[in-house]
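Listed below are the residues making up each chain.
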Amino acid sequence: FVPPGKRRLGFDHFVGFNRGHEYFQSIYYYGDDERPRKSRRYEPDYQTYHVIEFIDSILRSDGEQPFLAMVNYGIPHPPLVAPSEYIERYRPEDVRLSPTVPSESAARERARNFLAKYYCLVRNLDDNVSRLLNFLDGQDLRETLVILVSDHGEMAGEHGVYAKKTYFRSAVHVPLLVRY
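Draft legend 1. Layout of helix 1 (residues 43-61). The end-to-end C-alpha distance of helix 1, which contains 19 residues, comes to 27 Å, matching closely the 27 Å that a straight helix rising 1.5 Å per residue would cover. What helix 1 keeps buried is the set Glu43, Pro44, Asp45, Tyr46, Gln47, Thr48, His50, Val51, Ile52, Phe54, Ile55 and Ile58. Each element contacted by the buried residues of helix 1 is listed here: strand 1 (15-17), strand 2 (27-30) and helix 3 (105-138).

Draft legend 2. Just the nonpolar core, in detail. Within the largest apolar cluster, 32 residues are counted, with the highest numbers of intra-cluster contacts made by Ile55, Phe114, Leu121 and Leu136. For this core, the secondary-structure elements that each account for two or more residues are helix 1 and helix 3. Broken down by element, the residue count for this core peaks at 13 residues, all from helix 3. With residues up to four places along the chain from it excluded, the contact list for Phe114 reads Leu80, Glu154, Ala156 and Tyr162.

Draft legend 3. The pattern of salt bridges, seen in detail. In the structure shown here, the tally under the stated rule is ten salt bridges. A salt bridge links Arg37 to Asp33; the shortest N-O distance between them is 3.7 Å. Where Arg179 meets Asp137, a salt bridge forms, and the shortest distance between an N and an O atom there is 2.9 Å. Taken as a pair, Arg179 in strand 5 (residues 176-179) and Asp137 in helix 3 lie far apart in primary sequence, 42 residues in all. By relative accessible area, Arg179 is classed as partly exposed at 23%. One continuous salt-bridge network, built from bridges that share partners, spans Asp33, Arg35 and Arg37.

Draft legend 4. A look at helix 3. Given a rise of 1.5 Å per residue, 34 residues ought to cover 50 Å, and the 48 Å separating the end C-alpha atoms of helix 3 matches this to within 8%. Of the residues one or two after helix 3, Asp140 is the one with positive phi, at around 60°.

Draft legend 5. The pairing of strand 2, seen in detail. Pairing between strand 1 and strand 2: three bridges, direction antiparallel. Following the sheet pairing, Gly16 is matched in strand 2 by Tyr29. With two bridges connecting them, strand 2 and strand 3 (residues 37-38) associate as antiparallel partners. For Tyr28, the partnering residue across the bridge sits in strand 3 and is Arg37. What sits between strand 2 and strand 3 in their antiparallel hairpin is a turn of six residues, with Gly31 showing a positive phi close to 60°.

Reading guide: rules and limits
- Residues numbered from 1 in each chain as written.
- Predicted model: local features only at pLDDT ≥ 70, side-chain atom pairs only at ≥ 80, totals over all residues.
- Heavy atoms only, no water.
- Helix = DSSP H or I, 4+ residues; strand = E, 2+ residues; numbered from the N terminus.
- Expected span 1.5 Å × (residues − 1).
- Buried < 20%, exposed > 50% of the residue type's maximum accessible area, 1.4 Å probe, protein only.
- Contact = heavy atoms within 4.5 Å.
- Core = buried A, V, L, I, M, F, W, Y, C linked by side-chain atoms within 4.5 Å.
- Salt bridge = Lys/Arg side-chain N within 4 Å of Asp/Glu carboxyl O.
- Pairing = 2+ DSSP bridges.

No statement about biological role is implied by the geometric values presented.
If you want it as C-alpha cells, here you go:
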C-alpha cells in the first residue's frame, strides 16, 4: 500500500499490485483503502479492467480532462501460468527454437516446453493490450499516446540459460511499441 500524498508521485487514482507473481491469487490495494484485496481473476485481466475503469471514469466526469494511466503487467514471467484457454493454444512440438539453444535433446525439449508456456502469457498480454486499445478507439481516443515497454527479455534456454541475469541479447533486448 502506498499512502496518499507525495509518495504517490502525483497520481490521483491508485490501484497498487503486490508484485509476487501469484497471477491467480494476486493481492492489490485500491484507492485509499489500506486493506489488501485478493483477486479471483487472472492478474493481467483485472489490471486491464482497472485501467479501463479509470479512463471511463475520467470520460464520464467531463470527457475533456487529460489523463495519464499506467499499468504494470507482471507477465510474461515465471511461474508460467495462464488461464486454461491460453495454455491449450501452444504445443511444445510446434515451437521453433533459436539456433543458440544447445543441441542436446533434453535441452531442446525443456526450451520448447518453456516457450510454449511463455507464449501463452504473451498471448494473454496481447489480448489485454488489444482490449485497452479497442476501448480507447471506441471512445474516440484513437490519438491517445500508448507506450508499451518491458523491463527485460528472457533467455528461454538460449546458451543453456533461463531468466534474465545475463547480458546476452535475448535478456536485454526489450520491446518498445508506441501508438499515437
